[in-house]
Amino acid sequence: MGGRTKIWRTRMTLLGGIGLVLSMTFLGTGCELRKKMYDQPRYKTYAESDFFEDGTSARPLVEGTVPRGFLREDDHFYRGMVDGTFATDFPDRVEITEELLWRGKERYDIFCSVCHDPAGYGNGMVVQRGFKAPESFHTERLRGMPDGYYYEVITSGFGMMASYAYQVKPEDRWAIIAYIRALQLSQYATWDDVPEAVRPELEASVL
Ligand code: HEC
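In what follows, the accompanying structure is described.

Criteria and thresholds
Residues numbered from 1 in each chain as written. Predicted model: local features only at pLDDT ≥ 70, side-chain atom pairs only at ≥ 80, totals over all residues. Heavy atoms only, no water. Near = heavy atom within 4 Å. Polar contact = N/O pair within 3.5 Å; in protein donor to acceptor, adjacent residues only side chain to side chain. 1 Å grid on protein atoms, 1.4 Å probe; cavity = no way out; pocket = protein on both sides within 12 Å on 5 of 7 lines; lining within 4 Å. Sits in = over half its atoms within 2 Å of the grid points. Nonpolar A, V, L, I, M, F, W, Y, C, P; charged D, E, K, R; others polar. Points joined across faces, edges and corners; volume = space filled by probe spheres on them. Helix = DSSP H or I, 4+ residues; strand = E, 2+ residues; numbered from the N terminus. Core = buried A, V, L, I, M, F, W, Y, C linked by side-chain atoms within 4.5 Å. Buried < 20%, exposed > 50% of the residue type's maximum accessible area, 1.4 Å probe, protein only. Contact = heavy atoms within 4.5 Å.

Some words on the site of the ligand
Consideration 1: For the ligand, the set of nearby residues contains 22 residues, the closest of which are Cys112, Cys115, His116, Tyr149 and Met161.
Consideration 2: Between the ligand and histidine 116 there is a distance of 2.7 Å, counted from a nitrogen atom to a side-chain nitrogen or oxygen.
Consideration 3: Tyrosine 149 has a polar side-chain atom sitting 2.4 Å from an oxygen atom of the ligand.
Consideration 4: Among the cavities detected, the one that contains the ligand is the largest pocket.
Consideration 5: Class assignment of the residues belonging to the shell around the ligand gives a composition of 18 nonpolar, 2 polar and 2 charged.

Some remarks on the layout of surface pockets
Consideration 1: One number sums up the size of the largest pocket: a volume of about 590 Å³.
Consideration 2: Lining the largest pocket are 26 residues, and of these His116, Pro134, Val153, Phe158 and Met161 sit closest to its centre.
Consideration 3: Only helix 4 (113–116), helix 6 (140–144), helix 7 (147–156) and helix 8 (170–188) provide two or more residues apiece to the lining of the largest pocket.
Consideration 4: The dominant element in the lining of the largest pocket, judged by the number of residues it contributes, is helix 7, at 4 residues.
Consideration 5: Class assignment of the residues belonging to the lining of the largest pocket gives a composition of 21 nonpolar, 2 polar and 3 charged.
Consideration 6: Space inside the second largest pocket adds up to approximately 290 Å³.
Consideration 7: In terms of lining, the second largest pocket is formed by Ala182, Leu185, Ser186, Ala189, Thr190, Asp193, Val194 and Pro195.
Consideration 8: Classifying every residue of the lining of the second largest pocket by side-chain character gives 5 nonpolar, 2 polar and 1 charged.

A few points about the nonpolar core
Consideration 1: Membership of the largest hydrophobic core comes to 23 residues, with the highest contact counts inside it found for Tyr108, Trp174, Ile176 and Ile177.
Consideration 2: Setting aside its immediate chain neighbours within four residues, isoleucine 177 contacts Phe90, Asp147, Tyr150, Tyr151 and Ile154.

And the structure:
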């Protein structure tokens, strides 16, 4: 009995040893492989290639490849257009809330007021220092311009005014337009436009 157990143990030890040697060999090969990948011939970014016909190692995208998440098919929201003309209202996904107006005021004050001035008359600090004066937002012509037109001016610029597409994302363009509309209303508002609840306060402060 004792002799057999001994033989069995010896066999197990042998097997274990072989296993160990084998796995080390494989591990070694793994390292070897990785090193080979590291050392293999490869192109540096934008390097020239004599393998591809067009001579460049940078391969074009497979035909039909489209970026995902950048489709921007909502013309109203992304271009201010509806059926090929300037939108006369806000896109559905822009809800006109008090929060949106505050956001619009903040963005307007940062990006527009330097020229258009805080109230929109076009006499901002940059204009006072010599830049071309924009037309006041309170003229009949600009008051009558559709919302989509404002979107287009912010996106593409207008005459001397540069595009603000990079600084102001679409959501914020709409917020700014909402705020400009509020500014325009503020300069033409009548007593009837003032909500009952705030009339006493206004009366006390102005009259
Ligand atoms: C650096 C000054 C400057 C800044 C900043 C600026 N504008 Fe203007 N904007 C102008 C000038 C100047 C014009 C008139 C351009 C011309 O007639 O060549 C103008 C014109 C406009 C017009 C009227 C276009 C028309 O039909 O007359 C709108 C609307 C307008 N800007 C909106 C904005 C909004 C919104 C912002 C902020 C996102 C902004 N602007 C930022 C200078 C500026």
